[in-house]
Amino acid sequence: MGFSLKIKKLKSGILATALLFLLSFNVFAQSDVLILNQAEEVFNFVKNLNKSNSQYPPTYVVFDKAISSKCGNIKGSAYCPSEHKIYLEKNQIRRLYAIGPEALDFIVAHEYAHAMQAQYGFGRVSTPLNELQADCLAGVYLNAKYKHSKTQTINALNVAFATGDMEWFAVAHHGFPEQRLSAFSIGENISIQSRKNAALACLEVF
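Please read all numbers here as calculations on a predicted model, not as lab measurements. (Residues numbered from 1 in each chain as written. Predicted model: local features only at pLDDT ≥ 70, side-chain atom pairs only at ≥ 80, totals over all residues. Heavy atoms only, no water.)

**Q** It is not clear to me how the nonpolar core should be interpreted in this structure. Could you clarify?
**A** Buried together is how nonpolar side chains tend to be arranged in soluble globular proteins. If you look at the biggest cluster of nonpolar residues, it comprises 39 residues, and the most contacted ones within it are L104, V108, Y141, L142 and F184. Tallying contributions element by element places helix 3 (residues 101–120) first for this core, with ten residues. Apart from residues no more than four positions distant in its own chain, F184 is found in contact with F106, D135, C136, A138, G139, L142, A156, L157 and A160. (Core = buried A, V, L, I, M, F, W, Y, C linked by side-chain atoms within 4.5 Å. Buried < 20%, exposed > 50% of the residue type's maximum accessible area, 1.4 Å probe, protein only. Helix = DSSP H or I, 4+ residues; strand = E, 2+ residues; numbered from the N terminus. Contact = heavy atoms within 4.5 Å.)

Structure, rendered in structure tokens:
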């Protein structure tokens, strides 16, 4: 009797675990849909914002872990100029979305800015300046999207600060936290004053 009761408890425990797994998998799948929709929304918004200037807009793809490209093996979110394509790494954008939608918006807008730099040849040779210029353009793009929403703008500014790094000696140095915050803020403020010439103003600053 005791043995039979243990078997029943074991079976019920396995069923409960399986049910929890299925429920968590369903929630995970649903959150993935939200994340992918958010990525598509901001990508399309920025593309439409640039449609008068760009005859050949970039494409984008969401991938798992690592992927081969004409730019080599890509492990994180990046823009590949050889393909004119933005690569968004799924785990990274999941983590960003967990911080808030503005974090995902920031990375997509930043990579789109790199696409515009490559397409029109105005990017900087210096990695930090090139990255800060892209941050400035991201500020222009997202200010147009947020329509001066203080909450969304502050969240995006926090993300810009958080993505800064202190490794000034590294090849992939993107700028100190304060620099990335300032670059995004400059783009946002320029956009408020004159959206028509905002992108050109970013090029003059960086």
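This is not the end of the story, as more comes after the structure.
**Q** It is not clear to me how the sheet that holds strand 5 (residues 85–89) should be interpreted in this structure. Could you clarify?
**A** Reading across the sheet, the three strands line up as 1-5-4 and stay open at both edges, with mixed pairing between neighbours. Two strands bound the open sheet, and with one partner strand each, they are strand 1 (59–63) and strand 4 (78–80). In this sheet, neighbouring strand axes are inclined to one another by 25° on average, regardless of whether the strands run parallel or antiparallel. Contacts from helix 2 (residues 90–99) reach strand 1 and strand 5, with the element oriented near 70° to strand 5. Strand contacts of helix 3: strand 4 and strand 5, with the helix running at about 25° to strand 4, the strand carrying the most contacts. (Pairing = 2+ DSSP bridges. Axes fitted to C-alpha atoms, helices over the stretch in contact; angles between N-to-C directions.)

**Q** Would you mind showing me how to read the state of the cysteines here?
**A** Such a bond, covalent and formed between the sulfur atoms of two cysteines, is termed a disulfide. Evaluation of the coordinates by the stated rule reveals two disulfides. A sulfur-sulfur separation of 2.1 Å characterises the disulfide bridge that pairs C71 with C80. Because the sign of the S-S torsion sets the handedness, a value of about 90° for the bond joining C71 and C80 places this disulfide among the right-handed ones. The class of C80 is buried, set by a relative accessible area of 0%. The residue that forms a disulfide with C136 is C202, at a sulfur-sulfur distance of 2.0 Å. For the disulfide bridge between C136 and C202, the dihedral angle about the S-S bond is near -80°, and by the sign convention the bridge is left-handed. (Disulfide = S-S within 2.5 Å.)

**Q** Would you take a moment to explain the pairing of strand 5 for this structure?
**A** Note on strand geometry: in a regular strand, side chains alternate between the two faces of the sheet. For strand 5, the buried fraction is high: four of the five residues fall into the buried class. Here five bridges tie strand 1 to strand 5, and the two strands are oriented parallel to one another. Its bridge partner lying in strand 5, Y60 is registered against I86. Examined bridge by bridge, strand 4 and strand 5 share three bridges and lie antiparallel to one another. Each bridged residue has a counterpart across the sheet, and for Y79 the counterpart in strand 5 is I86. What sits between the antiparallel neighbours strand 4 and strand 5 is a turn of four residues, in which H84 has the positive phi angle 50°.

These results come straight from atomic positions and should not be treated as a statement about function.
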